[in-house]
Amino acid sequence: MKRLLYTLLFFNLYVSCKNPIETRNTGLITKNAMAVSARVEASIIGNDILKKGGNAFDAMAAMQLALAVAYPYAGNIGGGGFMVYRKANGDIGSLDYREKAPLAATKDMYLDKNGNVIPEKSTLGAMSVGVPGSVAGIFAVHEKFGSLPIEDIIKPSINLAYKGVVVTKKQEAKIKRYQPFFLKANKDSILFNKVWKMGDTIKYPALAKTLERILDHGKNEFYKGETAKRLVNFIQENGGILTEEDLAKYTVKWRTPTTFMYDDLKIISMSPPSSGGVCLAQIMTMIEPYDLDNFGHNSVKSIQVITEAERRAYADRSFYLGDPDFVNIPGETLISKTYLNDRMSTFSFEKATVSSDVSHGNVQVVESNETTHYSIVDPFGNAVSVTTTINGAYGSKLYCSDLGFFLNNEMDDFSSKPGIPNMFGLIGGDANSILPEKRMLSAMTPTIVEKNGKLFMTLGTPGGSTIITSVLQTILNVHEYNMTMQEAVNAPRFHHQWLPDEIRMEPNSFDTTLIFQLEKLGYTINEKDSPVIGKVDGILVLDDELLEGGADHRGDDAAVGF
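Note that residues are indexed from 1 along each chain, following the sequence as it is written. A pLDDT threshold of at least 70 governs which residues receive local features in this predicted model, and a stricter bar of 80 or more applies before side-chain atom pairs are shown or counted, although totals over entire chains, interfaces and linings include all residues. The side-chain values count all of the structure's non-hydrogen atoms but skip hydrogen atoms and water molecules.

### Re the overall build of the protein chain
Part 1 of the reasoning: Under the scheme used here, helices are H or I runs from DSSP no shorter than 4 residues and strands are E runs no shorter than 2 residues, and both carry numbers assigned from the N terminus. Within the protein chain, the regular secondary structure consists of 18 helices and 21 strands.
Part 2 of the reasoning: Computed over C-alpha atoms, the radius of gyration of the protein chain comes to 23 Å, within 12% of the 24 Å expected from 2.2 N^0.38 for 562 residues, which places it in the range of a compact globule.
Part 3 of the reasoning: In terms of overall dimensions, the protein chain has C-alpha extents of about 85 × 55 × 45 Å along its principal axes.
Part 4 of the reasoning: Burial here depends on accessible area, computed with a 1.4 Å probe over protein chains only, as a share of the maximum for the residue type. Under 20% is buried, over 50% is exposed, and the range in between is partly exposed. Of all 562 residues assigned to the protein chain, the portion counted as buried reaches 62%.
Part 5 of the reasoning: Positive charges are assigned to Lys and Arg, negative charges to Asp and Glu, while His and the chain termini are left out of the count. A charged residue contributes its charge at one atom only: NZ of Lys, CZ of Arg, CG of Asp or CD of Glu. Charge separation in the protein chain, taken as the distance between the mean sites of 57 positive and 65 negative side-chain charges, equals 2 Å. We compute the radius of gyration over the C-alpha atoms and compare it with the globule rule, which gives 2.2 Å times the number of residues raised to the power 0.38.

This is the structure:
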């Protein structure tokens with residue numbers, strides 16, 4: 001009888017546990033450290049740095065370069081990005097190494113004589129190029145927090161560039177898709193014009209030589225040295241306006257992250273000129289009063305609440321946000337509970353709000369899907385979250401064969417004409433208009449989460465306007481719905497950005513009955529235009545302090561740790 005009671009007790013305990021970890025989809029679990037990125041080559045290089053005794057900041061710098069070699073679709077030295085960090089002692093901060101507008105840039109530079117936006121001028125070729133910040137970012141991080149010699153940071157990527165990178169099935173498809181644009185943007189044939197098949201190896205000797213010069217001469221090689229001169233000559237020969245003075249004047253900026261509470265979580269995210277942290281704070285503060293866990297994951301009510309909060313946050317984004325060095329941003333007001341409770345006062349479960357009825361709040365974009373993200377936790381307890389980009393896929397499509405890398409088309413992230421959507425459908429306002437040396441608004445949302453004062457999660461994603469909502473849903477999946485990190489990353493995602501007034505959903509991922517119920521409430525559902533919503537790479541600290549990596553199956557992403 002006693003044995004039977006024990007058996008029954010064990011059975012009851014087992015079935016009462018919500019999704020026992022043994023039966024669930026978990027990512028890589030390691031004890032000491034982990035790096036997660038868009039390519040296994042970059043994750044291996046980051047992990048090797050950590051194994052060697054380097055810290056998360058050493059790995060950050062090394063992985064930025066490794067992604068420039070292994071993932072030219074978005075990894076770069078010809079673009080920029082943002083890093084959010086949390087040190088083992090709890091100190092937090094962020095680095096803005098976002099690109100800047102050239103000195104010769106003007107507000108109306110992409111408009112014709114009638115004031116209309118000139119097609120492709122801000123997206124394709126040399127006129128779309130902003131002043132790159134990635135190399136300055138690498139050196140700024142290493143100088144402030146690095147522990148290994150700079151040789152240890154740069155040499156792995158030099159070796160990788162000489163050795164070459166094996167083409168994946170997804171990379172083969174991407175190269176093929178964008179080859180017509182390479183032909184359009186470049187005068188001469190480039191490395192990516194030839195037919196590359198899965199299993200082929202692409203070597204990057206020109207990029208290796210550029211990295212060798214940077215290793216020998218430091219940051220100034222890229223901004224004032226031989227590389228700078230060759231880069232400027234190339235851009236100007238192709239009709240661009242970037243100058244040697246633009247490169248020489250470029251500086252990074254250390255900024256204070258946007259922080260806020262959601263239940264017992266402290267969210268630490270990127271501040272302007274990224275809209276990510278402010279928008280994330282707005283959405284999460286607006287949804288916090290609702291019982292999402294009781295509504296259920298991706299239920300009608302959960303989708304309604306999240307959609308309506310997103311609608312209101314994105315309306316604010318288009319009006320208020322820009323480079324804080326150029327515009328005054330009412331940041332505290334925008335994320336205050338008083339303001340946000342008022343913003344949600346018009347929401348009803350009975351029917352959809354119409355975006356035409358939602359303007360900016362009373363106190364009013366722009367971004368590519370082809371960004372990339374990487375997350376790192378080191379053995380010392382430091383964590384970094386980094387999102388980096390050249391904006392569109394392969395940036396401006398302009399490839400400097402002499403130096404071995406693509407240039408960004410980041411100028412499209414400005415509002416070429418306020419009120420007119422950019423290539424990603426985001427509406428911009430005067431706060432994000434073009435001015436010399438101004439940084440363009442971004443949706444990049446590198447984020448770190450604390451729980452009860454301890455590191456809980458580091459995550460981020462590419463995805464343009466969907467970045468903010470992908471990060472949001474991944475955090476909610478873990479916190480509200482008790483998912484593992486891998487489950488949270490894998491779960492189907494949806495997105496609303498105010499305009500166009502529609503909920504974008506990953507196709508064939510949501511039940512048709514659910515979609516019918518939402519449509520009945522007045523929501524427009526679009527499953528055609530978002531085959532992928534984000535590619536989240538995150539690390540979760542488990543209760544036993546082990547690390548679980550979530551690498552997104554939507555890409556070639558990989559977690560590596562020890």
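### Structural notes on the pattern of salt bridges
Part 1 of the reasoning: For this document, the term salt bridge refers to a Lys or Arg side-chain nitrogen within 4 Å of an Asp or Glu carboxyl oxygen. Taken as a whole and assessed by the stated rule, the structure comprises 28 salt bridges.
Part 2 of the reasoning: Residue Arg-554 is joined to Glu-506 by a salt bridge in which the shortest nitrogen-to-oxygen separation is 2.7 Å. Here Arg-554 is found in the loop between β20 (547-551) and β21 (558-561), whereas its partner Glu-506 is found in the loop between β17 (503-505) and α18 (512-520), with 48 residues between them in sequence.
Part 3 of the reasoning: By relative accessible area, which is 5% here, Glu-506 ends up buried.
Part 4 of the reasoning: Between Arg-554 and Asp-552 there is a salt bridge, with its nearest N and O atoms 2.9 Å apart.
Part 5 of the reasoning: Look at Asp-552 and you get buried, because its relative accessible area is 1%.
Part 6 of the reasoning: A single network of salt bridges, built from pairs that share partners, joins Asp-96, Lys-253, Arg-255, Asp-323, Asp-325 and Arg-439.

### Details of a negative patch on the surface
Part 1 of the reasoning: For patch detection, residues must exceed 30% relative accessible area and be free of salt bridges, and they are connected within 9 Å for like charges or within 5 Å for nonpolar side chains (Val, Leu, Ile, Met, Phe, Trp, Tyr). Accessible surface is estimated by sampling points in the Shrake-Rupley manner with a 1.4 Å probe; for residues, cover comes only from the protein chains shown. Taken together, the side chains of Asp-263, Asp-264, Asp-291 and Asp-293 define an acidic patch exposed on the protein surface.
Part 2 of the reasoning: Looking at where Asp-293 falls in the secondary structure, it is placed in helix α12 (residues 292-295).
Part 3 of the reasoning: Classification of Asp-293 by relative accessible area gives partly exposed; the value is 42%.

### Remarks on the side chain of Ser-134
Part 1 of the reasoning: For Ser-134, the position within the fold is in helix α4 (residues 134-145).
Part 2 of the reasoning: For Ser-134, a relative accessible area of 0% gives the class buried.
Part 3 of the reasoning: One polar contact links Ser-134 to Asn-76, side chain to side chain, over a distance of 2.5 Å. Under this definition, polar contacts are N or O atom pairs within 3.5 Å; protein pairs additionally need one hydrogen-donor-capable and one acceptor-capable atom, and for neighbouring residues in sequence, both atoms have to be side-chain atoms.

### With respect to unusual backbone geometry
Part 1 of the reasoning: Put simply, Pro-272 and Pro-273 share a cis peptide bond, and its omega is 20 degrees.
Part 2 of the reasoning: Topologically, Pro-273 is positioned in the loop between β9 (265-269) and α11 (276-287).
Part 3 of the reasoning: Look at the link from Leu-499 to Pro-500: it is a cis peptide, with omega at -5 degrees.
Part 4 of the reasoning: Tracing the chain through its elements places Pro-500 in the loop between β16 (494-495) and β17.
Part 5 of the reasoning: Although it is not a glycine, Asn-452 adopts a positive phi angle of roughly 55 degrees.

### What about the UniProt feature "active site" (unreviewed entry) in the protein chain?
Part 1 of the reasoning: UniProt positions are given in the numbering used here, feature names are shortened, and annotations may be inferred rather than shown by experiment. As recorded in UniProt, the sites labelled "active site" (unreviewed entry) are Thr-371.
Part 2 of the reasoning: Position of Thr-371 relative to the elements: it lies in the loop between α15 (337-343) and β10 (372-377).
Part 3 of the reasoning: Since its relative accessible area comes to 1%, Thr-371 is described here as buried.
Part 4 of the reasoning: Ignoring sequence-local partners within four residues, the contact set of Thr-371 consists of Ala-74, Thr-387, Thr-388, Thr-389, Asn-391, Met-444 and Pro-462.
Part 5 of the reasoning: Within the local environment of Thr-371, its side chain forms a polar contact with the side chain of Thr-389, the two groups lying 3.1 Å apart. Should any heavy atoms of two residues lie within 4.5 Å, those residues are considered in contact.

### So, the sheet that holds β9
Part 1 of the reasoning: Two strands pair under a simple rule: DSSP has to find at least two bridges between them. Read from one edge to the other, the open sheet built from 7 strands follows the order β1-β20-β19-β15-β14-β9-β8, with strand pairing classed as antiparallel. With one partner strand each, in any of the chains shown, β1 (29-30) and β8 (258-262) form the two edges of the open sheet.
Part 2 of the reasoning: Where β1 meets β20, 2 bridges bridge the pair, whose relative direction is antiparallel. Bridge pairing in β20 places Thr-30 opposite Leu-547.
Part 3 of the reasoning: Each axis is a line fitted through C-alpha atoms, and for a helix only the stretch in contact is used; angles between axes span 0 to 180 degrees, taken between their N-to-C directions. The strands touched by α11 within the sheet are β8, β9 and β14 (447-451), with β8 carrying the most contacts at an inclination of about 15 degrees.
Part 4 of the reasoning: Those strands touched by helix α16 (residues 467-479) are β8, β9, β14, β15 (454-460) and β19 (537-541), and its axis lies near 140 degrees from that of β15.

### Side note on the sheet that holds strand β4 (residues 92-97)
Part 1 of the reasoning: With antiparallel pairing, the 7 strands of this open sheet are ordered in space as β7-β4-β3-β11-β10-β2-β21. The sheet is open, and its two edges are formed by β7 (253-255) and β21, each paired on a single side. Along the sheet, successive strands turn relative to each other by an average axial angle of 15 degrees, direction set aside.
Part 2 of the reasoning: By the bridge criterion, 3 bridges tie strand β2 (residues 34-37) to β10 in an arrangement that is antiparallel. The partner of Ala-35 across the bridge, within β10, is Ile-376.

### As for the confidence of the model for the protein chain
Part 1 of the reasoning: Note: pLDDT gives the predictor's confidence per residue, expressed from 0 to 100. Here the protein chain shows a mean pLDDT of 93. Residues at 70 or above account for 93%.
Part 2 of the reasoning: A low-confidence stretch, residues 1-22 stays under pLDDT 50, and its non-local contacts, those more than four residues away or across chains, total 8 contacts.

### Examining helix α5 (residues 150-163)
Part 1 of the reasoning: Across its 14 residues, α5 extends 20 Å between first and last C-alpha, which sits within 8% of the 20 Å expected from 1.5 Å per residue.
Part 2 of the reasoning: Buried within α5 we find Ile-150, Ile-153, Ile-154, Ser-157, Ile-158, Leu-160 and Ala-161. When α5 is viewed along its axis, its buried side chains cluster within an angular range of 160 degrees and face the same direction. For α5, the exposed residues set more than 90 degrees away from the buried face come down to Asn-159 and Lys-163.
Part 3 of the reasoning: Of the surrounding secondary structure, the elements contacted by the buried residues of α5 are α2 (40-51), α3 (56-70), α4, β5 (165-166) and α7 (205-217).
Part 4 of the reasoning: Directly beyond the C-terminal end of α5, a positive phi value near 100 degrees is found at Gly-164. One less than the number of residues in a helix, times 1.5 Å, gives the span that helix is expected to have. Throughout, the arc means the angular range of directions from the helix axis out to the C-beta atoms.

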